[in-house]
Amino acid sequence: MKEETPLVDELEKGPWPSYVKEIKRAAKKSKAAEDLLGVQELSFNDKVTHWKHGGIVGVTGYGGGVIGRYSDVPDKFPNVESFHTLRVNHPAGWFYNTKALRKICDVWEKHGSGLTNMHGSTGDIILLGTTTAHLQPCFNDLTEAGFDLGGSGSALRTPTACVGPARCEWTNINTLDMVQDLTMEFQDEIHRPRWPYKSKIKISGCPNDCVAAIARADLTIIGTWRDSLKIDQNGVKEYAKNGFDIKTLVVDKCPTNALEWDEKSKNLKLKPEDCVRCMHCINKMTKAIRPGDDKGATIMIGGKAPIVKGAMLSFVLVPFMKAEPPYTEIKELIRKIWDWWDENGRVRERVGELIERVGMRNFLKAVDLKPVPQMIKAPRTNPYVFF
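Summarised in this report is the structure supplied together with it. Not measured: the values here are computed from a predicted model. (Residues numbered from 1 in each chain as written. Predicted model: local features only at pLDDT ≥ 70, side-chain atom pairs only at ≥ 80, totals over all residues. Heavy atoms only, no water.)

## Let's talk about unusual backbone geometry
In plain terms, the rule: Only DSSP runs of H or I reaching four residues or more are called helices, and only runs of E reaching two or more are called strands; each is numbered from the N terminus. Only protein chains enter the area calculation, which uses a 1.4 Å probe; residues under 20% of their type maximum are buried, those over 50% are exposed, and those in between are partly exposed.
In this model, Met-118 is joined to His-119 through a cis peptide bond whose omega is 5°. Tracing the backbone through its elements, the reader meets His-119 in the loop between β5 (112-118) and β6 (125-130). Here the amide bond leading from Pro-325 into Pro-326 is cis, since omega sits at 5°, within 30 degrees of zero. Along the chain, Pro-326 falls in the loop between β15 (315-321) and α12 (328-344). Unusually for a residue other than glycine, Arg-348 sits at a positive phi of about 65°. Relative to the helices and strands, Arg-348 is located in the loop between α12 and α13 (351-358). A relative accessible area of 40% places Arg-348 in the partly exposed class.

Okay, structure coming up:
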């Protein structure tokens, strides 16, 4: 190492994995990774960041996918004078084979620092640290290897979905096919930023929401079912026989009191009109309770992390919509939402914030939807409150 980095070294201590350890491994072959440690040490000492945004960089034909990063101390750390990030569109469900991963690594070792982030909060493969001169050649090589850039800036960020039918028995929609289809449909919106701010689409196959779409996506698609839960009473009896406390752990915790437990007959009864399909009973009694057969998706809107305003959770827009290829109804609704937001949104105003500012009535009228009781936004509007 060029310099001592005692403050950065502290981050290697403890039982958890350390990104510092990984950067030091990369620094054995990469001068940029070595200087990166020096910049961070200086930032810790000075208690101020030494990164700046020094201009717009990108690749031919795209306005997104590349995030410009420059050091404000290039004289001390010349190998990170520019340290741009590339966002690479991930495959559906984050499924790779080793051959594909080796292609990405070979391209990145040739053109960048060798440092990656698998995956960023948007979902992309994040390639950390290259120079302006290498951006276009790196993009060309990634394209040759079968990869494309994802979204950045005021664009559609790379759509993301859970592993869905590939590995999960609870998925109610084909999340992998849907995310692939929507990604191909909205290529222009991903690569060419032109909106007031960013927009995200995330898809979960069931209400367990394993990609946290409700907390992080402007447009949230959650797989669900329209008919009743399927309860196998023989399976229920088996749980009771094995000592599982069905009343305490399942019935009493149903958020809408949609379940009743008959201790005498050992039967579990459902009031279908009260069930909100939260998945709690299914998660607790996987061998006895399953989703219904009439599957589709709930479309939600407005989720975001705190930036201009506080954090917001997505709230229901369409309680149930069939979600089958080519997903025409979903695509048409998304385009209506985007057109209205693009026309009325202020700079850096997410679609949920715009709805809050101008009112739900104006929004629903613009996107041709009628108000329904399921559109309730309260009581839980803060993702940092846990029960």
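## Focus on a nonpolar patch on the surface
Note the following rule: Note on patches: the residues involved have over 30% relative accessible area and no salt bridge, like charges join within 9 Å, and the nonpolar side chains Val, Leu, Ile, Met, Phe, Trp and Tyr join within 5 Å. The method behind every accessible area is Shrake-Rupley, applied with a 1.4 Å probe, and residues are considered shielded solely by the protein chains displayed. Between Lys or Arg on one side and Asp or Glu on the other, a salt bridge is scored when a side-chain nitrogen of the former is within 4 Å of a carboxyl oxygen of the latter.
Residues Leu-7, Leu-11, Tyr-19 and Phe-44 make up a contiguous nonpolar surface patch of about 330 Å² in total accessible area. Relative to the helices and strands, Leu-11 resides in the loop between α1 (6-9) and α2 (19-27). We classify Leu-11 as partly exposed; its relative accessible area is 32%.

## Quick look at the side chain of Ser-30
Convention followed: Polar contacts, as counted here, are pairs of nitrogen or oxygen atoms within 3.5 Å of one another; within protein the pair requires one atom able to donate a hydrogen and one able to accept it, and residues that are adjacent in sequence qualify only if both atoms are side-chain atoms.
Checked against the element boundaries, Ser-30 lands in the loop between α2 and α3 (31-46). In this structure the side chain of Ser-30 is engaged in a polar contact, spanning 3.4 Å, whose partner is the backbone nitrogen of Ala-32.

## Here we look at the pairing of strand β4 (residues 84-88)
The condition is simple: For two strands to be treated as a pair, DSSP must find no fewer than two bridges joining them.
With five of its five residues buried, β4 lies for the most part within the structure. The side-chain alternation of β4 yields two buried faces, one formed by His-84, Leu-86 and Val-88 and the other by Thr-85 and Arg-87. Across two bridges, the pairing between strand β2 (residues 66-67) and β4 is antiparallel. Note that in β4 the partner of Ile-67 across the bridge is Thr-85. Where β4 lies against β6, five bridges are found, and the strand directions are antiparallel. Residue pairing in the sheet places Val-88 in a bridge with Ile-125 of β6.

## Some details on the packing of aromatic side chains
Basically, it comes down to this: Ring geometry is summarised as follows: Phe, Tyr and Trp rings, the Trp one being its six-membered ring, pair when their centres sit within 6.5 Å, and such pairs are stacked at plane angles under 30 degrees, edge-to-face over 60 and tilted between the two.
On inspection of all chains with the given rule, the structure shows seven aromatic pairs. Ring centres of Trp-51 and Phe-83 lie 5.7 Å apart, and the angle between their planes is 35°; this geometry places the pair in the tilted category. Placement of the pair is Trp-51 in strand β1 (residues 51-52) and Phe-83 in the loop between β3 (70-71) and β4, with a sequence separation of 32 residues. On the basis of relative accessibility, which here comes to 26%, the residue Trp-51 falls in the partly exposed class. Where Tyr-62 meets Phe-139, the ring centres are 5.2 Å apart and the plane angle is 65°; that geometry is what we call edge-to-face. You can see Tyr-62 sitting in the loop between β1 and β2 and its partner Phe-139 sitting in helix α5 (residues 132-144), a full 77 residues away along the chain. The burial state of Tyr-62 is the same as that of Phe-139; both residues are buried. An aromatic cluster is defined as three or more aromatic residues linked by ring pairs; in this entry it consists of Phe-186, Trp-195, Trp-338 and Trp-341.

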